[in-house]
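Coordinate analysis (summary)
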Amino acid sequence: MSSLVYVRLIGSTAGTLLQLFWMVVILGYRRQRNFERVFFLLSLALFFFYSGSLLALNSQIFYSEPPALLTAFAKTLLCAGLCFLPPLLIHLHLEYSQTRGMLQGGTLKRTLLIAAYAPALYFLLRAYPLLANSPGFDFLVPGNALGRGYGAWLALAMLISAGWEIRFQLKATDQAQSFFHSLLAAVFAIGAALTIQLHVVSGGLPRNLSDVASTALALLAILPSAVLIYLVQRYNFLQIGRQKNLMYAVSVTFLALLYLALVRRVSTWLAPEIPPEASAAVLLFVLVIFIEPMQRMLGRRLQETAQRETDRMQRLMAEIQQQARQGNEPTLARFLETRLQATFELAAVRVTFQKEGQIGEHHREFAKQHGLGEPSYGKPKVVLSVGKVAEPFLIGGNVVGIVRVQPHGSALSGETRAALEFLCEQLLGALDLCRLIAEKVRLERELAERERLALLGQMAASISHNLKNPLGSIKTILQVQMENPELPESLRGETRIVLDEIGRLSSKLNQLLRFSRPAVRGGSVEGSCDAAAVVEEVAGVLRHEAERRGVALELQLCTSGTRTAAAYDAVNDIVSNLLVNALEATPHGGHVNVAAAAKNGSCVLTVEDSGPGISPDAREKLLQPFFTTKTQGTGLGLAIVARRVAEFGGEMEWDSPVSDGRGTRFEVRLPMERRTEQ
């Protein structure tokens with residue numbers, strides 16, 4: 001038996017194990033992409049080719065006349081692999097180019113795939129029956145049996161693949177990618193040249209040189225398959241590198257299988273001199289010599305890996321702590337999602353924070369649907385969850401945060417999970433720091449606001465003293481003049497205008513005084529009222545103004561259950577300011593809707609208008625004191641509303657535009673009145 005056959009035997013064994021390795025890795029990875037599916041099918045086609053070659057060569061070695069069934073089975077494997085190899089090469093490059101954004105899916109892709117797979121059907125339906133019935137079959141050059149048409153088809157597929165690889169190499173983002181695509185381009189170019197020489201031109205080489213060329217062509221796929229293992233492990237190609245547990249397990253298993261195959265081959269070669277059992281035992285026990293060096297090597301490797309991961313986590317935590325010092329919880333969550341996804345190369349990340357013990361009805365409903373008990377309470381913690389970020393998950397009890405991660409494959413590797421769990425433990429401190437700084441900033445702003453309002457109050461009191469008294473005297477004198485029957489009509493009209501302006505000026509002074517009073521937060525202000533009754537009263541006062549402006553004022557009031565813990569004057573200020581703003585913003589012929597109702601344990605007040613809406617420039621400044629878009633406004637109306645809502649622990653939201661690019665809706669939620677049991 002020639003040495004070339006031994007090379008084919010060893011190469012076919014390595015090729016079979018390599019393709020089986022990739023099939024197991026892709027199945028264990030289970031990423032839902034067409035690229036991985038086509039890669040699996042390509043590995044399967046190469047596995048059929050190498051396993052068929054291995055089976056045929058072994059049958060020729062061990063049998064003087066190989067069994068017909070065994071030969072037919074080997075032919076079937078070889079032909080299945082060869083027929084699907086060209087279209088799968090083209091399909092794989094189309095899918096990869098689509099993942100890189102170099103090709104858009106659609107009619108062009110479907111046309112190329114139909115053109116690629118059509119010859120496979122021809123060779124399966126026409127060429128294989130002829131091949132199965134032919135008495136002679138050269139297993140060293142199996143492609144010859146399919147004819148020159150197959151050779152041209154395979155060479156064309158390799159040339160197209162080489163062209164794609166050159167494009168990928170030019171657009172590579174790092175040196176490792178550039179190297180791998182250059183290697184594949186060279187492999188496909190060499191493969192195309194060998195295919196043309198062996199299967200298209202045919203007969204231009206001596207027999208011994210032709211056998212060498214056919215062996216090189218058959219074993220050409222082994223090199224990129226082996227190099228890809230290193231690149232996946234070292235540079236995380238295809239995002240499989242993070243699945244190190246899977247890579248290690250499959251690698252060790254197939255190395256063991258490869259070594260056992262080597263033991264069997266060597267035992268067969270040495271059989272004339274040494275009994276196969278003895279040579280196999282020696283080769284198996286010789287591994288003991290390598291145990292201590294391997295232990296030292298693995299120890300160093302594990303120590304380096306642990307130190308590298310520790311350094312990476314420390315750098316990441318430093319970045320997280322720096323971000324936490326901004327005191328913005330939503331920004332911290334978005335930063336974590338971006339950094340964790342990039343650092344651990346995950347498909348998606350979702351970070352959710354909440355206050356301790358904050359459990360809503362949806363949490364209880366989720367627990368009921370999934371057979372979970374009530375959320376537990378204890379030491380606050382941030383937990384890790386693995387799954388699709390769009391799926392619902394339970395958060396409550398002592399859980400103040402959850403990091404939901406979605407890996408590219410079916411599961412997280414052991415070291416990635418350990419790193420993320422360690423990170424979750426550290427996140428609790430970062431979250432506390434963020435909330436403490438946010439509270440500190442809030443208190444500082446509140447203190448600055450109180451100081452500013454105290455100064456404003458002094459100024460307002462001075463203005464009130466210096467202006468209201470003279471205004472009152474002027475108003476009294478003018479009212480007396482209005483009662484004089486001898487006052488000319490021309491002066492009577494002008495006097496009425498002056499009185500209206502004095503009333504408007506007094507109203508502005510009163511508004512300024514109300515805003516200058518310090519806010520009392522947390523609902524400590526005593527008093528309660530029926531919000532629906534207050535809305536009806538304010539609407540009655542302003543209905544004449546609405547009619548004057550040609551605006552339809554509509555009320556939707558709940559007849560019961562709208563007693564709120566807020567005081568009457570606070571609710572009056574809230575409703576009157578919102579309603580005045582709505583009337584002033586609504587053009588003639590528009591409408592304003594005011595509603596009061598009990599909802600989810602709160603009293604909800606809603607004011608909606610059909611005006612032009614709030615401009616984008618005014619959104620951020622809308623609630624700031626003294627900001628106004630009106631020519632005669634003070635800019636205190638909405639600031640007073642926000643102040644009054646905060647006094648009683650309520651919430652205010654607004655939305656603009658509401659529909660068809662127009663309208664504004666303000667919604668105020670106030671706490672309900674607490675009923676004391678007798």
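Parameters at a glance
- Residues numbered from 1 in each chain as written.
- Predicted model: local features only at pLDDT ≥ 70, side-chain atom pairs only at ≥ 80, totals over all residues.
- Heavy atoms only, no water.
- Helix = DSSP H or I, 4+ residues; strand = E, 2+ residues; numbered from the N terminus.
- Contact = heavy atoms within 4.5 Å.
- Pairing = 2+ DSSP bridges.
- Axes fitted to C-alpha atoms, helices over the stretch in contact; angles between N-to-C directions.
- Buried < 20%, exposed > 50% of the residue type's maximum accessible area, 1.4 Å probe, protein only.
- Parallel < 35°, antiparallel > 145°, perpendicular 65-115°, else oblique.
- Left-handed = near helix turned anticlockwise from the far one by under 90°.
- Nonpolar A, V, L, I, M, F, W, Y, C, P; charged D, E, K, R; others polar.
- Phe/Tyr/Trp six-rings, centres within 6.5 Å; stacked < 30°, edge-to-face > 60°.
- Expected span 1.5 Å × (residues − 1).
- Bend = angle between axes of the 7 residues up to and from the residue.
- Polar contact = N/O pair within 3.5 Å; in protein donor to acceptor, adjacent residues only side chain to side chain.

Our next topic: the side chain of His-181. Considering the arrangement of structural elements, one finds His-181 in helix α6 (residues 175-201). Setting aside residues up to four positions removed in sequence, His-181 forms contacts with Tyr-96, Arg-100, Glu-165, Phe-168 and Gln-169.

Once that is clear, we can look at the sheet that holds strand β1 (residues 348-353). If you walk across this open sheet you meet the three strands as β1-β3-β2, and the pairing is mixed. Two strands in the sheet have a free side with no partner beyond their single neighbour: β1 and β2 (381-386). Here the strands of the sheet are splayed against their neighbours by 15° on average, with no regard to which way each runs. Pairing of β1 with strand β3 (residues 399-406) involves six bridges; the strand directions are antiparallel. The residue of β3 that forms the bridge with Val-351 is Val-403. In the packing of helix α12 (residues 329-343) onto the sheet, contacts are made with β1 and β3, and the angle to β1 comes to roughly 155°.

Cis geometry is found at the peptide bond from Ser-656 to Pro-657, where omega equals 0°. Relative to the elements of secondary structure, Pro-657 occurs in the loop between β9 (651-655) and β10 (664-671). A positive phi angle is found at Asn-600, which is not glycine, with a value near 50°. Even without a glycine there, the phi angle at Asp-660 is positive, about 55°. By the element assignment, Asp-660 lies in the loop between β9 and β10. Judged by relative accessible area, Asp-660 falls into the exposed class, the value being 78%.

Axis separation between helix α2 (residues 34-62) and helix α3 (residues 68-99) bottoms out at 7 Å; the angle between their running directions is 155°. Regarding the angle of α2 to α3, the classification is roughly antiparallel. The element α2 and its partner α3 pack so that their crossing is left-handed. The class makeup of the residues in the contact of α2 with α3 is 23 nonpolar, eight polar and one charged.

Time to look at the sheet that holds β10. The strand order across the open sheet formed by five strands is β5-β7-β8-β10-β9, and the pairing between neighbours is mixed. Edge positions in the sheet fall to β5 (552-557) and β9, since each has one partner strand and no second. The sheet shows a mean angle of 10° between the axes of neighbouring strands, taken without regard to direction. Inspection of the sheet shows β9 paired to β10 by five bridges, in the antiparallel sense.

With that settled, the discussion passes to the environment of Cys-558. Examined against the element boundaries, Cys-558 turns out to sit in the loop between β5 and β6 (563-564). Counting along the chain gives 27 residues from Cys-558 to Ala-531, while the straight-line C-alpha distance between them is 9.5 Å. Discounting chain neighbours no more than four positions away, the residues touching Cys-558 are Ala-532, Ala-596 and Ala-597.

This brings us to the packing of aromatic side chains. Following the criterion strictly, the structure yields 10 aromatic pairs and no others. Centre to centre, the rings of Trp-22 and Phe-39 are 5.6 Å apart; their planes meet at 45°, and the pair counts as tilted. Here Trp-22, found in helix α1 (residues 3-29), pairs with Phe-39, found in helix α2; they are 17 residues apart in sequence, far enough to count as distant. For the pair Trp-22 and Phe-39, a shared accessibility class is recorded, and that class is buried.

On to α6. When the terminal C-alpha atoms of α6 are compared, their 37 Å separation across 27 residues agrees well with the 39 Å that a helix rising 1.5 Å per residue should span. Maximal helix bending in α6 amounts to about 25°, located at Thr-195. Near the N-terminus of α6, the side chain that reaches the backbone nitrogen of Ala-176, with its oxygen 3.2 Å away, is that of Asp-174.

Geometry only, nothing functional implied.
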